Amino acid sequence: MTIVREGEQVPEGRQVTGEPDELYERLKAFEGRAAATAGTGKDPVNEPMIRHWCEAMGDTNPAYSGPEAIAPPTMLQAWTMGGLSGHTDRSAAYEELFGLLDGAGYTSVVATDCEQEYLRPLRPGDRITFDAVIESVSERKTTRLGTGYFVTTRMDVRADGVRAGTHRFRILKYTPAEPKRSEPKRSESRRTEPRRTGPERAARGEGRSLRPRPVINRDNAGFWQGVAEHRLLIQRCGDCATLRFPWLPGCNACGCQEWDTVEASGEGTVFSHVVMHHPPFPAFGADGAGGPYAVALIELAEGVRMVSNVIGVPYDKVRTGMPVRLEFLRTDPDLELPVFRGGEG
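Residues numbered from 1 in each chain as written. Predicted model: local features only at pLDDT ≥ 70, side-chain atom pairs only at ≥ 80, totals over all residues. Heavy atoms only, no water.

Draft legend 1. Representation of the overall build of the protein chain in the model. When helices and strands are tallied, the protein chain shows five helices and 16 strands. Across the 345 residues that make up the protein chain, the buried fraction comes to 36%. Partitioning the contacts of the protein chain with sequence separation of at least 6, the portion at a separation of at least 24 is 68%. Roughly 20,700 Å² of accessible area belongs to the protein chain as shown, and the carbon and sulfur atoms make up 51% of that amount. (Helix = DSSP H or I, 4+ residues; strand = E, 2+ residues; numbered from the N terminus. Buried < 20%, exposed > 50% of the residue type's maximum accessible area, 1.4 Å probe, protein only. Contact = heavy atoms within 4.5 Å. Areas by Shrake-Rupley, 256 points an atom, 1.4 Å probe, with all protein chains shown as cover.)

Structure follows, in structure tokens:
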């Protein structure tokens, strides 16, 4: 048995205290009621979906191919999803619960985390059925996104009638927080510092929004140290020598946890790309205008791929197969990022 938890994107928030919460008492009554009964996967476990998943995730584990292939355990939810046509198996209780939340103004939704428990491998040909229950509804909480309720559902997944795993999924149904308006500060003393010019302010990162900081942990700290030294480092397995990116604690191909690094040459091509139009975010535009700008999946000459911005060419001129060259872009005094300059060759 294996349990995997995906990290929360939204903190659980703090409880709202004060006046009684009559809505919560109504929501609490839904705990333990069915969210879906006798649900059926739209397709049996199959090799094409496994292959597409592994290609998208960059997972080359040999267990997921060949005559004795199993499905990646983290695909557990994929076999139960409704697809573009949506779900047809949700219960009246589930719809009523979310109708109450919507009617009370909690119309926004964000997935916060999930927890999966694996009981047996899934293999091509397995027919998937499932039941789901509304496991819990939290008291009203205030988060950075806004105020609302965390709703957790538990889905029990079966393969050919045998329980194969459990998928817990938590969302936040909330009313978005009002954007904070900063009050102008009144000076109580005469300015003593010289007034900076526009270029001086830009050099210090003042007067404009900044890009979000990357999350640096023990698994990727070496990559960001390389960026600080203007080196793009790729992990190499210490056993089978497979290159991997992004950085991971173990090899997807053989599971070895020993590794070293190789420095990328900086040459690559655009494997695929999107153009971001909305929302405009000035920190991501080279000229501070906030877009549109091109975000690409770059295939490096070494064979691994990474996501980055393409600069140096208009966003609408970026093309699949376009050659690119690594550069390091300082976006503000405290952040430097690897980007790729497009070429016409």
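There is more to say after this.
Draft legend 2. Quick peek at the layout of surface pockets. As a volume, the largest pocket reaches approximately 1,200 Å³. Lining the largest pocket are 40 residues, and of these Met57, Gly58, Phe245, Pro246 and Asn252 sit closest to its centre. Of all elements in the fold, only β1 (2–6), α2 (47–57), α5 (221–228), β10 (243–244) and β14 (305–311) reach the threshold of two or more residues within the lining of the largest pocket. Here the lining of the largest pocket is composed, by residue class, of 25 nonpolar, 11 polar and four charged. (1 Å grid on protein atoms, 1.4 Å probe; cavity = no way out; pocket = protein on both sides within 12 Å on 5 of 7 lines; lining within 4 Å. Points joined across faces, edges and corners; volume = space filled by probe spheres on them. Nonpolar A, V, L, I, M, F, W, Y, C, P; charged D, E, K, R; others polar.)

Draft legend 3. Representation of the pairing of strand β16 (residues 335–342). Here β16 lies mainly inside the structure; seven of its eight residues are buried. Here β14 pairs with β16 via two bridges, running parallel. Across the sheet, the residue bridging to Val310 is Phe340, located in β16. Bridge count between strand β15 (residues 323–332) and β16: eight bridges; the pairing is antiparallel. Looking across to β16, one finds that Arg325 is bridged to Arg341. Hairpin connection of β15 to β16: two residues between the antiparallel strands. (Pairing = 2+ DSSP bridges.)

Draft legend 4. Broad picture of the sheet that holds β16. Spatially, β12-β13-β14-β16-β15 is the arrangement adopted by the five strands of the closed barrel, whose pairing is mixed. With strand direction ignored, the average angle separating the axes of adjacent strands in the sheet is 50°. Each of β15 and β16 is contacted by α5, which is oriented at about 75° to β16, the strand it contacts most. (Axes fitted to C-alpha atoms, helices over the stretch in contact; angles between N-to-C directions.)

Draft legend 5. View of the pattern of salt bridges. Throughout the structure, instances matching the rule amount to 18 salt bridges. Asp126 serves as the salt-bridge partner of Arg120, at 3.4 Å between the closest nitrogen and oxygen. Note on Arg120: relative accessible area 25%, which makes it partly exposed. Assessed through its relative accessible area of 8%, Asp126 is described here as buried. A salt bridge links Glu267 to Arg325; the shortest N-O distance between them is 2.5 Å. Within this pair, whereas Glu267 is found in strand β12 (residues 267–276), its partner Arg325 is found in strand β15, the two being separated by 58 residues in sequence. (Salt bridge = Lys/Arg side-chain N within 4 Å of Asp/Glu carboxyl O.)

Draft legend 6. Geometry of unusual backbone geometry. A cis geometry characterises the amide bond from Phe245 onward to Pro246, with omega recorded as 5°. Mapped onto the elements, Pro246 comes out in the loop between β10 and β11 (259–263). Within the chain, Ala38 stands out as a residue other than glycine whose phi angle is a positive 55°. On the secondary structure map, Ala38 appears in strand β3 (residues 34–40). Phi at Ala241 is positive, roughly 70°, even though this residue is not glycine. With respect to the secondary-structure elements, Ala241 resides in the loop between β9 (233–237) and β10.

Draft legend 7. Just the packing of aromatic side chains, in detail. Tallied over the entire structure, the rule returns six aromatic pairs. Measuring from centroid to centroid gives 6.4 Å for Phe223 and Trp247, while their planes differ by 65°, and the two rings are edge-to-face. Placement of Phe223 in helix α5 and of Trp247 in the loop between β10 and β11 is noted, with a sequence separation of 24 residues between them. Residues Phe223 and Trp247 agree in their burial class; the two are buried. Ring-pair connections join several aromatic residues into one group, and the members of that group are Phe223, Trp224, Phe245, Trp247 and Trp259. The cationic tip of Arg305 hangs over the ring face of Phe271; the distance from NZ or CZ to the ring centre is 3.6 Å. (Phe/Tyr/Trp six-rings, centres within 6.5 Å; stacked < 30°, edge-to-face > 60°. Lys NZ or Arg CZ within 6 Å of the ring centre and 35° of its normal.)

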